[in-house]
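Close look at the chain arrangement
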Amino acid sequence: VADGAVMYAGRAPNQTPNVETYFYNGVPTLFHHALAKLSFKVKANFTEWTDPANESKTTWEVTLNKATLKGVYNTGDLKLDLNSDGATWKTDGWKPDTQKTMKDVALYEAEKGLVLTTTAADLYVGEDGKAQSFFVLPQTLAEGAQQLALKFHIKTTQPNKDAEGNNIVQEEDFEATLDLTAISSLAAWGMNQNIIYTICIKPTAVVDPDSPDNPT
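Conventions and cut-offs
- For every chain, the first residue of its written sequence is number 1, and the numbers climb from 1 along that sequence.
- Given that this is a predicted model, residues contribute local features only at a pLDDT of at least 70 and side-chain atom pairs are listed and counted only at 80 or more, while totals for whole chains, interfaces and linings are drawn from all residues.
- To obtain the side-chain values, all non-hydrogen atoms of the structure were included, while hydrogens and water were left out.
- A run of H or I in DSSP becomes a helix once it reaches four residues, and a run of E becomes a strand once it reaches two; helices and strands are each numbered from the N terminus.
- Radius of gyration here is computed from C-alpha atoms only, and the compact-globule reference equals 2.2 Å multiplied by the residue count raised to the power 0.38.
- Contacts: residue pairs with any heavy atoms within 4.5 Å of one another.
- Salt bridge, as used here, is a side-chain nitrogen of Lys or Arg placed within 4 Å of a carboxyl oxygen of Asp or Glu.
- The cut-offs for exposure are 20% and 50% of the maximum accessible area for each residue type, with area from a 1.4 Å probe on protein chains only; residues under the lower value are buried, those over the upper are exposed, and the others partly exposed.
- Excluding any residue in a salt bridge, patches collect residues exceeding 30% relative accessible area, merging like charges within 9 Å and nonpolar Val, Leu, Ile, Met, Phe, Trp and Tyr side chains within 5 Å.
- For accessible areas, the Shrake-Rupley method is used with a probe of radius 1.4 Å. Any residue's cover is judged against the shown protein chains and nothing else.
- We score Asp and Glu as negative and Lys and Arg as positive, and we do not count His or the chain ends.
- The atom standing in for a charge is NZ when the residue is Lys, CZ when it is Arg, CG when it is Asp and CD when it is Glu.
- Two strands form a pair only when DSSP identifies at least two bridges running between them.
- Think of a 1 Å grid over the protein atoms and nothing else: a 1.4 Å probe that fits but is trapped marks a cavity, an open set flanked by protein within 12 Å on at least five of seven lines marks a pocket, and residues with an atom within 4 Å of a point count as lining.
- Grid points are joined across faces, edges and corners, and a volume is the space filled by probe spheres set on the points.
- Each residue receives one of three labels: charged for Asp, Glu, Lys and Arg, nonpolar for Ala, Val, Leu, Ile, Met, Phe, Trp, Tyr, Cys and Pro, and polar for the others, Gly being one of them.
- Between rings of Phe, Tyr and Trp, where Trp is taken as its six-membered ring, a pair exists when centres lie within 6.5 Å; planes separated by under 30 degrees are stacked, by over 60 edge-to-face, and by other angles tilted.

Examining the overall build of the protein chain
Along the backbone of the protein chain there are one helix and 19 strands. Radius of gyration (C-alpha) of the protein chain: 24 Å, far over the 17 Å computed for a compact globule of 216 residues. In terms of overall dimensions, the protein chain has a C-alpha envelope of 90 × 40 × 40 Å along the principal axes. Of the contacts formed within the protein chain by residues at least 6 apart in sequence, a portion of 70% connects residues at least 24 apart.

Quick look at the structure:
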């Protein structure tokens, strides 16, 4: 994770007088972001379902305990060459040092956990308690490289009753480490991109692959 933005400016060759450019009077200077910015959100796909046959209701409580971004390249080189106009830049992009990876980024971790709703909640909060984006080195995403590790708890309350007349409750912990390439069609984090991942957790098993979000 980068501590701040890395930017580069366009050139203004043969500039002598001031000009009105980019809403300012002076030397025309436009900065470009050289890094990528990431944000993460999380939600439950659903938290309740009512059987239309008998109006019985099943509810789920999904609690996120930990989310970690792993295997991100943190160092690399960026070469900028001037185009023939002498003012604009051309580049092949960042060349990450694939021998080095950064420490894991703790997107969320709390003993009590975060109870999810069907509205996406922000992850990775700063010291001020506010959700934040963060900068990373632009890079191609690959299998076995950039990963998302999740740990959450699911509590299912069924309409069925036990011998004492109480609703049957099932609880389970779930952990998974997933390649970002497996859960998103995005192939790379590009320069000057603002990327938002929304993690959607389905609290039941997938029975029908064609309808993965169907509570039944």
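Alright, that's what it looks like, and here's the rest.
Details of the pattern of salt bridges
Any two side chains of opposite charge can pair, on the condition that their charged atoms come close. Here the structure, examined in full by the defined rule, presents four salt bridges. With a closest N to O distance of 2.5 Å, lysine 41 and aspartate 122 form a salt bridge. Taken as a pair, lysine 41 in strand S5 (residues 36-44) and aspartate 122 in strand S13 (residues 121-122) lie far apart in primary sequence, 81 residues in all. Note that lysine 66 is salt-bridged to glutamate 109, the shortest N-O span being 4.0 Å. Within this pair, whereas lysine 66 is found in strand S7 (residues 57-70), its partner glutamate 109 is found in strand S12 (residues 105-115), the two being separated by 43 residues in sequence. By relative accessible area, lysine 66 is classed as partly exposed at 34%. You can call glutamate 109 exposed: its relative accessible area is 57%.

Things to note about a negative patch on the surface
Taken together, the side chains of Glu61, Glu171, Glu172, Asp173 and Glu175 make up a negatively charged region of the molecular surface. For the negative patch, the element with the most residues is strand S17 (residues 167-179), which contributes four residues. Positionally, glutamate 171 belongs in strand S17.

Re the side chain of asparagine 65
With respect to the helices, strands and loops of the structure, asparagine 65 is situated in strand S7. Beyond its immediate stretch of four places on either side in the chain, asparagine 65 contacts Tyr108, Glu109, Ala110, Glu111, Lys112, Gly113, Lys151, Phe152 and His153.

Some remarks on the pairing of S17
Strand direction decides the pairing type here: strand S16 (residues 147-161) and S17, joined by twelve bridges, are antiparallel. Among the inter-strand pairings, histidine 153 is bridged to a residue of S17, identified as aspartate 173. The turn joining S16 and S17, which pair antiparallel and follow one another in sequence, is formed by five residues; a positive phi near 90° is taken by glycine 165.

A short note on a nonpolar patch on the surface
Together, Tyr22, Phe23, Tyr24 and Leu30 give the surface a local cluster of nonpolar side chains, amounting to about 540 Å² of exposed area. Assignment of secondary structure puts tyrosine 22 in the loop between strand S2 (19-21) and strand S3 (24-26).

Focus: the environment of threonine 140
Inspection of the secondary structure assignment puts threonine 140 in strand S15 (residues 139-140). Sequence separation between threonine 140 and leucine 186 is 46 residues; the distance between their C-alpha atoms is 9.3 Å. The contacts of threonine 140, once residues within four sequence positions are left out, are Gln146, Ala187 and Ala188.

Quick look at the layout of surface pockets
Roughly 480 Å³ of volume is contained in the largest pocket. What lines the largest pocket is a set of 24 residues, among which Leu178, Ile199, Cys200, Ile201 and Lys202 lie closest to the centre. Looking at the lining of the largest pocket, the elements with two or more residues in it are S16, S17, helix H1 (180-183) and strand S19 (194-201). Of the residues belonging to the lining of the largest pocket, the class tally is 17 nonpolar, four polar and three charged. Within this model, the second largest pocket holds a volume of roughly 190 Å³. Looking at the second largest pocket, the residues that line it are Trp49, Thr58, Trp60, Thr156, Gln158, Gln170, Glu172, Pro203, Thr204, Ala205, Pro215 and Thr216. Only S7, S16 and S17 provide two or more residues apiece to the lining of the second largest pocket. Its residues assigned to classes, the lining of the second largest pocket shows five nonpolar, six polar and one charged.

Considering the packing of aromatic side chains
One pass over the full model with this rule turns up four aromatic pairs. When the centroid spacing of 5.2 Å and the interplanar angle of 15° are considered together, the rings of phenylalanine 40 and tyrosine 197 count as stacked. Residue phenylalanine 40 is found in strand S5, and its partner tyrosine 197 is found in strand S19; the two are separated by 157 residues along the sequence. Each of the two residues, phenylalanine 40 as well as tyrosine 197, counts as buried. Between phenylalanine 152 and phenylalanine 174 the ring centres are 5.1 Å apart and the planes differ by 35°, which places this aromatic pair in the tilted class. Here phenylalanine 174 lies in strand S17 and phenylalanine 152 lies in strand S16, a separation of 22 residues in the sequence. Under the relative-accessibility criterion, phenylalanine 152 is labelled buried at 5%.

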